[in-house]
Amino acid sequence: MKSEKTEKLIKKIDIETNAKVNKVVLDDVLKAFEKTRKEKSAEPQMSIKNTILKSRITKLAVAAVIIVAICFFFTHHIPNGQIETLQVTQIAKSPAELTTFASLTFAYREGGMEMFEKMCDKALKMTGPRPAEMSMQELFEEVNGENLERTEL
Amino acid sequence: MKVNNKTKLVLFILIGFIILTLRCPAFALPPDPDNAALLYYQAFCVYEKPDDTMEDMVRRLAGGGMEPNPTITRYIESCRPAIELAASAEELSKCNWGLKYSEGFDMQARHLAEARMLTYIILADARIALAQADYDLAIRRCLTARKLGVDVGQDPMTVGFLVEKAIEKMTNKCIQDILSSSTMELETLQQLKTQLNELDSRIKPVEFFLKTEQELMSMYITPERIREVLPQIWSGDGSDFARELILNADEQFCRRNLAHFNDYWSYVFSALKLPYQQVFNKKEELEKNYVGDFKENPDATMTVILGPAVYKMYGLGIRSDTFSNALKTALEIYEITAKTGQLPDFLPAGSRKDLYSGEDFEYEKTADGFILRCRAKDLIKNKTYEYEFKIEK
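Since the model is a prediction, treat every value here as computed from it, not as a measurement. (Residues numbered from 1 in each chain as written. Chains lettered and ligands numbered in written order. Predicted model: local features only at pLDDT ≥ 70, side-chain atom pairs only at ≥ 80, totals over all residues. Heavy atoms only, no water.)

### Focus: helix 8 (residues 158-180) of chain B
Okay, step 1: In this model, helix 8 of chain B (23 residues) spans 33 Å end to end at C-alpha, consistent with the 33 Å of a helix rising 1.5 Å per residue.
Okay, step 2: Burial of helix 8 of chain B is extensive: 20 of the 23 residues sit out of reach of the surface. (Helix = DSSP H or I, 4+ residues; strand = E, 2+ residues; numbered from the N terminus. Expected span 1.5 Å × (residues − 1). Buried < 20%, exposed > 50% of the residue type's maximum accessible area, 1.4 Å probe, protein only.)

### Observations regarding the side chain of Ser239(B)
Okay, step 1: With respect to the element layout, Ser239(B) can be found in helix 11 (residues 239-247).
Okay, step 2: The class for Ser239(B) is buried, based on a relative accessible area of 5%.

### Things to note about the sheet that holds strand 4 (residues 369-373) of chain B
Residue and element names in this part refer to chain B.
Okay, step 1: Strands sit in the order 3-4-5 across an open sheet of three strands; the sheet is antiparallel. Strand pairing shows two members of the sheet lacking a second neighbour, strand 3 (362-366) and strand 5 (386-390), which therefore form its edges. Direction aside, the axes of adjacent strands within the sheet are offset by 20° on average.
Okay, step 2: With five bridges connecting them, strand 3 and strand 4 associate as antiparallel partners. (Pairing = 2+ DSSP bridges. Axes fitted to C-alpha atoms, helices over the stretch in contact; angles between N-to-C directions.)

### Notes on the packing of aromatic side chains
Residues and elements named next belong to chain B.
Okay, step 1: Here the structure, examined in full by the defined rule, presents 26 aromatic pairs over all chains.
Okay, step 2: Pairing Phe261 with Tyr264 gives two aromatic rings, centres 6.4 Å apart and planes at 20°, and the pair type is stacked. Pair noted here: Phe261 and Tyr264 are both in helix 12 (residues 251-271), with a separation of three residues, about one helical turn. Note on accessibility: Phe261 and Tyr264 belong to one class, buried. (Phe/Tyr/Trp six-rings, centres within 6.5 Å; stacked < 30°, edge-to-face > 60°.)

### Structural notes on the side chain of Arg141(B)
Okay, step 1: Mapped onto the elements of the fold, Arg141(B) is located in helix 7 (residues 135-152).
Okay, step 2: By relative accessible area, Arg141(B) is classed as buried at 6%.

### A few points about unusual backbone geometry
Okay, step 1: Of note in this structure, Ala133(B) is not a glycine but carries a positive phi near 60°.
Okay, step 2: Of note, Ala133(B) is situated in the loop between helix 6 (110-131) and helix 7.

### So, the domain arrangement of chain B
Residues and elements named next belong to chain B.
Okay, step 1: One can read the domain layout of chain B as domain 1 (32-204) and domain 2 (209-308).
Okay, step 2: Using only C-alpha atoms to locate each centre, domain 1 and domain 2 end up separated by 35 Å.
Okay, step 3: Taken together, the contact pairs 13 residues of domain 1 with twelve residues of domain 2.
Okay, step 4: Both sides together, the interface formed by domain 1 and domain 2 hides about 930 Å², and carbon and sulfur atoms give 75% of it.
Okay, step 5: Contact with domain 2 buries area across many residues of domain 1, yet Phe105, Pro156 and Thr158 alone supply 64% of it, more than any other trio.
Okay, step 6: One can count zero salt bridges joining domain 1 with domain 2.
Okay, step 7: Seen at the junction of domain 1 and domain 2, the total is three residue pairs in polar contact (both at pLDDT 80 or more).
Okay, step 8: Residue classes in the side of domain 1 that touches domain 2 are distributed as six nonpolar, three polar and four charged. (Domains from an automatic or database assignment. Contact = heavy atoms within 4.5 Å. Buried area = accessible area lost by both parts, 1.4 Å probe. Salt bridge = Lys/Arg side-chain N within 4 Å of Asp/Glu carboxyl O. Polar contact = N/O pair within 3.5 Å; in protein donor to acceptor, adjacent residues only side chain to side chain. Nonpolar A, V, L, I, M, F, W, Y, C, P; charged D, E, K, R; others polar.)

Written out as structure tokens, the structure reads:
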């Protein structure tokens, strides 16, 4: 109802327009619109931030959510093997460090044959499985990084 | 004149032959390695590294915990070049792993990890041969693995001793199973016994390894190097106190600790000359006098930190050697059975001893074979061992 009345009122107004005035009006409108848009988008952010900062429980809840999200990301996005490798590399930087005289000797001293064998197994695992077969073509590709054809002499 | 020409011709041929013989080495291929370790290192490089599932299967098959299947047989077949290289190494008496002892703690011993895996592969192949009733090949593979074990133990490194004994135990078990499921010719049995005796004559006693350990560890009981020991200190009770002592160590501390360390070793070496039971009687005294509380006696600090697990190592050696003795005694029984067609009533005279008691094994005939039983307990495991052998009829 209100919009119909406004429409009728506008129709009754007798206004003369020109291009110059139109452009000035349009620019003003666009500026005002842009200003309002910026203010509106900033307002909710400020209010969320304020809500979090003001309440202690909300702060804790947000921290918990972040921690859970990080844990979720690592458990679901890194394969198990990779996690194991990460843990192993934290203990020793390379497989070579696992098989030094000191590592093996003190492993046996600490945990007997079981620990000693685990160290040996870890060292082998860290170097990973080798491909079952490798053709000359694949070997060339791996060495040169491209698909090379046999050169005819 | 005619004779002269003939002589000239003969001389010409002779000189030509000599020149040809002298030049021959220039065309010959370089000789094969005379060091078994070089062939083992090649074997470590050429076998396909198994994934976790395959590795588990290889281990179980090698230990007799499962029957061969087509998947594992295919995998072992792909490892054939590695197995053949190890078999070639069997023919060489010299084995030098080329370890850098001067590196001390940082010395690389990766060959030990690789040797264990190669042993599993070789013994898995032996088990496949056994399942296919190819007993000769199965025995050959066991001897290849056994030789690898002996070669690992040629370097005077205590960790090498551990791997040697682990390999010895695995191969003994495999030979035990082969003997129990086949009827072997007398000649094969005698040959196996000779080869086992030959290999075992090259096995070094535990003292050989412990002496190197003493020397190697002594390098670190000096004011210049003592702090290099810090990363090796355990994280248990008293570790902080030990760290503090080492951080403040001066020349006097090192001298007194080295003297205590050497006294400890003298005691160990004299104790190890005794029979098994008496060695263990000395254990308490050793712990009380030499590796006691270093808070009360700071001179014992480095002995507590660097002294090896002597009794565990000694126990491992006795366990393995007793199993080998039981196997050789069993071979003699199999020989008598092959000759006479029946099991003997008593053990043959001069048979190998049970090292726990120092006496002959207890021999018991069963419905399908015989048992050799130790007469005294393993004092570490608190267990009396018995070895069962079957006679295939």
